[in-house]
Amino acid sequence: MNRWAKHVHRLMMRAYPVGLRREFGADMFQLLVDRHRRDGVSVWRLLVSELGDAVVVAPRLRWEESLMSRFVMIGVAGAAALLAGIAVGPAATVPVVAGVLLVVVAAMRRSQPLPARGLGRRPVTLLLAGLACLTVAVVLGLTAQHDLGEVAWALFTALSIVGTLLTLIGGVATLTQRGAVAPPAT
Amino acid sequence: MPVPASVMYILVALAAGEKHGYAIMRDVAEVSGGVVQMGSGTLYGSIKRMLDQGLIEEADERPDPALDDQRRRYYRLTDRGRRVGAAEHDRIAALAESARVRRLAVFGPGVS
């Protein structure tokens, strides 16, 4: 395998989801080397064949990976809605039911860890937004004491639920990003 | 539910024993009479999914460490993978039998 072939292969690998690249990138390159050395297939023919494979397979794998991540997010959101609903009380029947449904939907799918990269700074933004919502809710609650009006009560409830959801989702995603350790991608 | 063809080919390849990626690819080509040539994306995409689903697992020991590259990862069937493979075999066999009974295999297109 010459340097150019390696470079082209590395570029092609970018079509695949980051999870697959990290876990199997080296093995995928080794497979090419084996086919070249043991089967005597020319490097450029192998690369053309790999390109065809990538065009067909990579979009499907990317879709599957994003779908899996989505189900993790749905599960976390459901759990957060459930907790928030229980904390708020009987008035929060809708969030409780929605939370239970979301957790069930997520549990029916086999989940996998969130991708270590690819979310950018979004998790931190979500976390900060969630904490901001909770802060406003607490300030609102402390200011009004027990005399929350109807509008203020609705605002307090909404901020509490949204804040809890965003904090949990952002927190979990941030921790997952930082905790992820994987071999380098090829 | 029918198993995807690529997954079934890998199950069949590993039914004969532990194999690494290249050996699986060679076995699939051989079993299919050269019709199926798995690219690296198809192969490792399927392997990843099968690992996630518990159909296969990475083998800790190399069949013969002295003869092979230690960096290679070997895979083997799990009990679940063997059961799924057997169920898919039965499904395909039943389909083939139905085709035979209805004379699809005998009187196909171009056969008088």
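Above this text you will find the structure in question.
So, a few notes on the structure that sits alongside this text. (Residues numbered from 1 in each chain as written. Chains lettered and ligands numbered in written order. Predicted model: local features only at pLDDT ≥ 70, side-chain atom pairs only at ≥ 80, totals over all residues. Heavy atoms only, no water.)

## Overview of the overall build of chain B
How we decide: Strands are runs of DSSP state E lasting at least 2 residues, helices are runs of H or I lasting at least 4, and numbering of each runs from the N terminus. For the exposure calls, accessible area comes from a 1.4 Å probe over protein chains only, and a residue counts as buried if that area is under 20% of its type's maximum, exposed if over 50%, partly exposed in between. Any two residues whose heavy atoms approach within 4.5 Å at even a single point are treated as in contact. For the area figures, the Shrake-Rupley method with a 1.4 Å probe applies, and any residue is considered shielded solely by the protein chains shown.
The secondary structure content of chain B amounts to 4 helices and 3 strands. The order of α-helices and β-strands along chain B, N terminus first, is α-β-α-α-β-β-α. For chain B, the residues scored as buried account for 40% of the 112 residues in total. For chain B, long-range pairs separated by at least 24 residues make up 54% of all intrachain contacts whose partners lie at least 6 apart in sequence. Carbon together with sulfur atoms contributes 55% to the accessible area of chain B, which is approximately 6500 Å² in total.

## Some remarks on the environment of Val-48 of chain A
In this structure, Val-48 of chain A sits in helix H3 (residues 43-88). A C-alpha to C-alpha distance of 10.0 Å links Val-48 of chain A and His-9 of chain A, two positions 39 residues apart in sequence.

## Remarks on helix H1 (residues 5-15) of chain B
Residue and element names in this part refer to chain B. Regarding H1, the residues found buried are Ser-6, Val-7, Met-8, Ile-10, Leu-11, Ala-13 and Leu-14. Against the buried residues of H1 lie strand S1 (19-20), helix H2 (21-31), helix H3 (40-52), strand S2 (56-58), strand S3 (74-77) and helix H4 (79-101). A positive backbone phi angle near 140° is found at Gly-17, which sits one or two residues after H1.

## Focus on empty space enclosed by the protein
Rules: Here a cavity denotes a set of grid points, spaced 1 Å apart and computed over the protein atoms alone, in which a 1.4 Å probe fits but from which it cannot get out, and a pocket denotes an open set meeting protein on both sides within 12 Å along at least five of seven lines; residues with an atom within 4 Å of a point are reported as lining. Grid points are joined across faces, edges and corners, and a volume is the space filled by probe spheres set on the points. Residues are grouped as follows: Ala, Val, Leu, Ile, Met, Phe, Trp, Tyr, Cys and Pro are nonpolar; Asp, Glu, Lys and Arg are charged; all remaining types, including Gly, are polar.
On inspection of all chains with the given rule, the structure shows 1 cavity of 30 Å³ or more. Its boundaries defined by the atoms lining it, the largest cavity holds a volume of some 30 Å³. Lining the largest cavity are His-9, Met-12, Met-13, Tyr-16, Glu-50 and Ala-54 of chain A together with Ser-40 of chain B. Of all the secondary-structure elements, those providing two or more residues to the lining of the largest cavity are helix H1 (3-13) and H3 of chain A. Of the residues forming the lining of the largest cavity, the biggest block, 3 residues, is contributed by H1 of chain A. Tallied by class, the residues present in the lining of the largest cavity amount to 4 nonpolar, 2 polar and 1 charged.

## A closer look at the sheet that holds S3 of chain B
Strands in a sheet are paired, the pairing made by backbone hydrogen bonds, and the direction either parallel or antiparallel. All names here are of chain B. Rules: Paired strands are those between which DSSP finds at least two bridges.
One open sheet accounts for 3 strands, arranged S1-S3-S2; its pairing is antiparallel. Only two strands of the sheet have a single partner each, and these edge strands are S1 and S2. Of the strand pairs in this sheet, S2 and S3 are connected by 3 bridges, and their pairing is antiparallel. The residue bridging Glu-57 from the neighbouring strand is Arg-76, located in S3.

## Some thoughts on the side chain of Ser-40 of chain B
Relative to the helices and strands, Ser-40 of chain B is located in helix H3. Here Ser-40 of chain B falls in the buried class, since its relative accessible area comes to 0%. Contact partners of Ser-40 of chain B, with chain neighbours within four places excluded, come to Met-28, Leu-31, Glu-50 and Asp-53 of chain A together with Gly-45 of chain B.

## Side note on the nonpolar core
Just so we agree on the cut-off: By nonpolar core is meant a set of buried Ala, Val, Leu, Ile, Met, Phe, Trp, Tyr and Cys residues that side-chain atoms within 4.5 Å join together.
Membership of the largest hydrophobic core comes to 30 residues, with the highest contact counts inside it found for Tyr-16 of chain A together with Ile-10, Ile-24, Leu-43, Tyr-44, Ile-47 and Tyr-75 of chain B. Elements with a minimum of two residues in this core: helix H2 (18-39) and H3 of chain A together with H1, H2, H3 and S3 of chain B. In terms of residue count, H1 of chain B provides more of this core than any other element does, 6 residues in total. Leave out the neighbours within four places in its chain, and Ile-24 of chain B touches Ile-10, Ala-13, Leu-14, Lys-19, Leu-43, Ile-47 and Tyr-75 of chain B. In this structure, Ala-5, Met-12, Leu-32 and Leu-46 of chain A belong to the second largest nonpolar core, which totals 7 residues.

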